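Listed below, chain by chain, are the residues.
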Amino acid sequence: MTSASGLLAVIDMQRVFADPASPWATPRFADAAAGVRRLLPAFGDRVAFTRFLAPEIPTGAWRAYYAQWPFALQPPDAGLWELADEFAERTAHVVDTTTFGKWTPELSDRVGPDGRLVLAGVSTDCCVLSTALAAADAGTEVLVVADACAGVDDDAHVKTLQVLDLYRPLIRVTTVDDLLAEPRP
């Protein structure tokens, strides 16, 4: 297996987004999961999974957000926040945040000052987008793997990828096949 460069950040592949009965279900979660499964071997231990969690007490604009989504006000150990079953064993490095963006100091340190961040997961139009923009602003090379991501619907996914592609060369939209075919130095 060819080794891909950079750190793979797998964004929010959690039960709350996988479960079709969840108010936050991502319709193409299984497709994104299939892309993630293909990427994992190429990154070895250079993988971080992220989890979106509700804050204990929402503040600011998050109060209105959780007034709209009160089901989500559950503690970090609640089942809905667990990684989806197929990824549950990959807990060597998990970054938990109560924000959409996952570009935390912890993730930044793992990438390094001249590193590359490869993004996959859900949802393209929320947490992937928020993470990509923050990382790019910090000067990190960002690749978003289109077929290893899924949005709240197909239209939002496609539109977000189009917007992200406007940020070239800071952000590049790619596919699993193209990323795995890149020559390694």
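For the structure, see preceding data.
Since we're looking at a predicted model, the values are computed, not measured. Positions within a chain are numbered from 1, following the residues in the order the chain's sequence is written. With the structure being a predicted model, the display of local features is reserved for residues of pLDDT at least 70 and the display and counting of side-chain atom pairs for 80 or more, all residues being used for whole-chain, interface and lining totals. Side-chain calculation: all heavy atoms of the structure are included, whereas hydrogens and water are not.

Colleague: Mind showing me how you'd approach the nonpolar core here?
Modeller: Put simply, buried Ala, Val, Leu, Ile, Met, Phe, Trp, Tyr and Cys residues joined by side-chain atoms within 4.5 Å make one nonpolar core. Burial classes follow relative accessibility: with a 1.4 Å probe on protein chains only, a residue under 20% of its type's maximum area counts as buried, one over 50% as exposed, and anything between as partly exposed. Counting residues in hydrophobic clusters, the biggest one holds 39 residues, and the most contacted among them are L8, M13, W24, L39, F43, W81 and F87. Elements that contribute at least two residues to this core include exactly β1 (7-11), α1 (15-18), α2 (29-43), β2 (47-52), α3 (62-68), β4 (116-122), β5 (141-150) and α7 (176-181). Numbering of helices and strands runs from the N terminus; a helix is a DSSP stretch of H or I covering at least four residues, while a strand is a stretch of E covering at least two. No other element matches the eight residues that α2 contributes to this core. Beyond its immediate chain neighbours, meaning those up to four positions away, L39 contacts L8, A120, V145, A148, V176, L179 and L180. With 23 residues, the next largest nonpolar core counts L107, V128, C149 and I171 among its residues. The contact definition used throughout considers only heavy atoms, calling two residues in contact when any of these lie within 4.5 Å.

Colleague: What exactly am I supposed to notice about the pattern of salt bridges here?
Modeller: A pair can form between side chains of opposite charge whenever their charged atoms are brought close. When a carboxyl oxygen of Asp or Glu lies within 4 Å of a side-chain nitrogen of Lys or Arg, that pair is called a salt bridge. Taken as a whole and assessed by the stated rule, the structure comprises 13 salt bridges. Linking R168 and D165 is a salt bridge whose minimum nitrogen-to-oxygen distance equals 2.8 Å. What makes R168 partly exposed here is its relative accessible area of 46%. Looking at D165, the relative accessible area reads 32%, which means it is partly exposed. Residues joined by salt bridges that share partners form a network here, namely R116, E141, R172 and E182.

Colleague: Where do I start with the layout of surface pockets in this structure?
Modeller: Empty space left among the atoms is revealed by rolling a probe the size of a water molecule over them. In this analysis a 1.4 Å probe is tested at points of a 1 Å grid over the protein atoms alone, and where it fits but cannot get out there is a cavity; an open set with protein on both sides within 12 Å along at least five of seven lines is a pocket; lining residues have an atom within 4 Å of a point. Grid points are joined across faces, edges and corners, and a volume is the space filled by probe spheres set on the points. The volume enclosed by the largest pocket comes to roughly 200 Å³. In terms of lining residues, the largest pocket is bounded by 13 residues, among which F17, W24, S123, C126 and V152 are the most central. Grouping the amino acids of the lining of the largest pocket by side-chain chemistry returns eleven nonpolar, two polar and no charged. Under the convention adopted here, Pro, Cys and the residues Ala, Val, Leu, Ile, Met, Phe, Trp and Tyr are nonpolar, Asp, Glu, Lys and Arg are charged, and Gly plus all remaining residues are polar.

Colleague: Just checking my understanding: could you explain the pairing of β2 for this structure?
Modeller: Two faces make up the sheet, and in a regular strand the side chains alternate between them. Counting buried positions along β2 gives six out of six residues, so the element sits mostly inside the fold. Burial along β2 is two-sided: the face carrying V47, F49 and R51 and the face carrying A48, T50 and F52 are both buried. Relative to β2, β1 runs parallel, the two being bridged by three bridges. Bridge pairing in β2 links A9 to A48. Pairing between two strands is assigned when DSSP locates at least 2 bridges connecting them.

Colleague: Would you explain a nonpolar patch on the surface in this entry?
Modeller: A cluster of nonpolar side chains, contributed by V163, L166, Y167 and L170, occupies part of the molecular surface with about 390 Å² of accessible area. Tracing the chain through its elements places L170 in the loop between α6 (154-165) and β6 (171-174). Overall, L170 belongs to the partly exposed group, its relative accessible area being 40%. Here, patches come from residues exposed beyond 30% relative accessible area and free of salt bridges, joined within 9 Å for like charges and within 5 Å for nonpolar side chains (Val, Leu, Ile, Met, Phe, Trp, Tyr). Per-residue and other accessible areas were derived by the Shrake-Rupley procedure at a 1.4 Å probe size, with only the shown protein chains allowed to occlude residues.

Colleague: I keep staring at the packing of aromatic side chains and nothing clicks. Help me out?
Modeller: When we look at a pair of aromatic rings, we describe it by the centre distance and by the angle of the planes. Under the pairing criterion, centres of Phe, Tyr and Trp rings, with the six-membered ring standing for Trp, must be within 6.5 Å; the plane angle then separates stacked pairs below 30 degrees from edge-to-face pairs above 60, leaving the rest tilted. Applying the stated criterion across every chain yields a total of 16 aromatic pairs. Ring geometry for W24 against F71: centres 5.0 Å apart, planes inclined by 75 degrees, an arrangement best described as edge-to-face. Taken together, the positions of W24 in the loop between α1 and α2 and F71 in the loop between α3 and β3 (94-97) put the pair 47 residues apart, joining distant regions of the chain. Looking at F71, the relative accessible area reads 26%, which means it is partly exposed. For the ring pair W69 and F71, a centre distance of 6.4 Å and an interplane angle of 80 degrees mean the geometry is edge-to-face. These aromatic residues form a ring-pair network of at least three members: F17, W24, F52, W62, Y65, Y66, W69, F71, W81 and F100.

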